[in-house]
Amino acid sequence: QTLYVVNEVNKFNNKPEGAITAFHISNDGNLQNLGTVMSGSQGPCHLVMHPNGNLLFVSNYGGGSISSLSCNQDGSLKECQLTIPHRGSSINPLRQEGPHPHSVNLSHDGKYLYVPDLGIDKIMYYQVVEEKEVLRACGQVEIAPGAGPRHFCFHPTGRVAYVINELASTVTAFAFHRENGDLQEMQTVSTLPKDFKGETSTAHIVAHPNGRFLYGSNRGHDSIAVFAVGGDGRIQLIRTEPTLGQTPRNFTITGDGKFLIVANQDSNSLVSFF
């Protein structure tokens, strides 16, 4: 019944931070603004709600940090209570001069939070301590230098995870160890046809609910990369489907698995596939 939105700005209400707005969703679909709070740092770009419905996690791309906020009973947000900075850089001087956490992602049981950081070529992960509403750093995994890890998803089984790497246009698959939250790299696969030459980058990644397919968006190539998923979670690129628009950024799959809807940013269009 509540919708949360990032305001991806570097300054809000004369403060050097971005912001998060909460809306109540009425039965007829209308939205009632429940208020806006600061995100804890600049340029928030992604958020996720914990399964308990009380903790919201935010990645602050511009500020190089992640934040945690808790909710009131009506779904509105309390002031940001925890901000954790990332440190470091990587080899791309234009995009990786410092940390840039690009998304926040929870394990199926809500025990671990995974944060692909495009700026430092790492996935940082944290243990969620619900009773104390805090995060404890518990590990990290390095991606190939210059890859730029961006978005992340789990396979429906919860045994495998995938990250799409924006700058390298690749997907890296990991075995997930539930006992301690660790990720173990299995393979890295291109999102592009072998004969493609040109400027491109990736954006979003989603696993199909049936577990047999994985999808990633290519901006520049303007396509959805379609991967077949094997029994061990490894992937193979089987085709790229044009998105009938420019710069496919995010996309989603409907709950019944029948439709994939793509948002083409630079052509201002939504396109549905089945």
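Here, residues in each chain are numbered from 1, in the same order as that chain's written sequence. Whole-chain, interface and lining totals are the exception, using all residues; otherwise, since this is a predicted model, local features are given only for residues with pLDDT of at least 70 and side-chain atom pairs are given and counted only at 80 or more. Side-chain metrics rest on all non-hydrogen atoms present in the structure, leaving aside hydrogens and water.

Caption draft 1: Seen up close, the overall build of the protein. In DSSP terms, a helix is any run of H or I states spanning at least four residues, a strand is any run of E spanning at least two, and both are numbered starting from the N terminus. Secondary structure assignment for the protein yields 0 helices and 22 strands. The C-alpha atoms of the protein give a radius of gyration of 18 Å, which matches the 19 Å a tight globule of 274 residues would have. Based on the C-alpha atoms only, the size of the protein along its principal axes is roughly 50 × 40 × 35 Å. Accessibility here uses a 1.4 Å probe with only protein chains present; expressed as a share of the type maximum, an area under 20% marks a residue as buried, one over 50% as exposed, and anything in between as partly exposed. Within the span of the protein, comprising 274 residues, buried residues form 50% of the whole. Taking the intrachain contacts of the protein between residues at least 6 apart in sequence as the baseline, contacts between residues at least 24 apart amount to 41%. Only the protein chains shown count as cover for residues, and all accessible areas are computed by the Shrake-Rupley method using a 1.4 Å probe. Accessible area for the protein stands at about 12,900 Å²; split by element, carbon and sulfur atoms hold 48% of it. In summary, the charge assignment counts Lys and Arg as positive and Asp and Glu as negative, without counting His or the chain termini. Every charge is mapped to an atom, namely NZ of Lys, CZ of Arg, CG of Asp or CD of Glu. In the protein, 20 side chains carry a positive charge and 24 a negative one; their mean positions are 3 Å apart. Within these notes, the globule rule equals 2.2 Å times the number of residues to the 0.38 power, and the radius of gyration is based on C-alpha atoms. Contact criterion: two residues are considered in contact whenever any of their non-hydrogen atoms come within 4.5 Å of each other.

Caption draft 2: Region of interest: the pairing of strand S11 (residues 134-142). When DSSP finds two or more bridges between a pair of strands, those strands are recorded as paired. For strand S10 (residues 122-129) and S11, the ladder comprises 8 bridges, and the chain directions are antiparallel. Directly across from Tyr 126, in S11, lies its bridge partner Ala 137. The hairpin turn running from S10 into S11, its antiparallel successor, is 4 residues long, and Glu 133 in that turn takes a positive phi close to 55°.

Caption draft 3: Inspection of the pattern of salt bridges at higher detail. For this analysis, a salt bridge means a side-chain nitrogen from Lys or Arg found within 4 Å of a carboxyl oxygen belonging to Asp or Glu. Here the structure, examined in full by the defined rule, presents 5 salt bridges. With a closest N to O distance of 2.8 Å, Arg 150 and Glu 166 form a salt bridge. One end of the pair, Arg 150, is in strand S12 (residues 149-154); the other, Glu 166, is in the loop between strand S13 (160-165) and strand S14 (170-176), and 16 residues separate them in sequence. Like Glu 166, Arg 150 is buried. We note a salt bridge from Glu 166 to Arg 219, for which the minimum N-O separation is 3.2 Å. Taken together, the positions of Glu 166 in the loop between S13 and S14 and Arg 219 in strand S17 (residues 213-219) put the pair 53 residues apart, joining distant regions of the chain. By relative accessible area, Glu 166 is classed as buried at 4%. Linked through salt bridges whose partners overlap, the residues forming this network are Arg 95, Arg 150, Glu 166 and Arg 219.

Caption draft 4: Geometry of unusual backbone geometry. One non-glycine residue, Glu 133, adopts positive backbone phi at about 55°. Take Glu 133: it is sitting in the loop between S10 and S11. On the accessibility criterion, Glu 133 (24% relative accessible area) is partly exposed. Here the phi dihedral of Leu 244 falls at roughly 60°; this positive angle occurs in a residue that is not glycine. Mapped onto the fold, Leu 244 is located in the loop between strand S19 (235-242) and strand S20 (248-253). For Leu 244, a relative accessible area of 66% corresponds to the exposed category.

Caption draft 5: The arrangement of the sheet that holds strand S8 (residues 105-106) in detail. Read from one edge to the other, the open sheet built from 4 strands follows the order S8-S9-S10-S11, with strand pairing classed as antiparallel. Each end of this open sheet is capped by a strand with a single partner; those strands are S8 and S11. Sheet topology places strand S9 (residues 112-117) next to S10; 6 bridges connect them, and they run antiparallel. Counted as the bridge partner of Pro 116 is Ile 123 from S10.

Caption draft 6: Region of interest: the pairing of strand S21 (residues 260-264). Only one face of S21 is buried: it carries Leu 260, Val 262 and Asn 264, and the other face, with Ile 261 and Ala 263, is open. Pairing between S20 and S21: 4 bridges, direction antiparallel. Along S21, the bridge assignment pairs Phe 251 with Val 262. From the end of S20 to the start of S21, which pair antiparallel, there are 6 residues, and Gly 257 there has a positive phi angle of about 75°. As judged from the 5 bridges shared by S21 and strand S22 (residues 269-273), these two strands associate in the antiparallel manner. If you follow Leu 260 over to S22, its bridge partner there is Phe 273.

Caption draft 7: Fine view of the environment of Gly 198. Within the secondary structure, Gly 198 is located in the loop between strand S15 (183-190) and strand S16 (201-207). Gly 198 sits in the exposed class, given a relative accessible area of 51%. The spacing of Gly 198 and Gly 220 is 22 residues in sequence and 7.7 Å in space, taken between C-alpha atoms.

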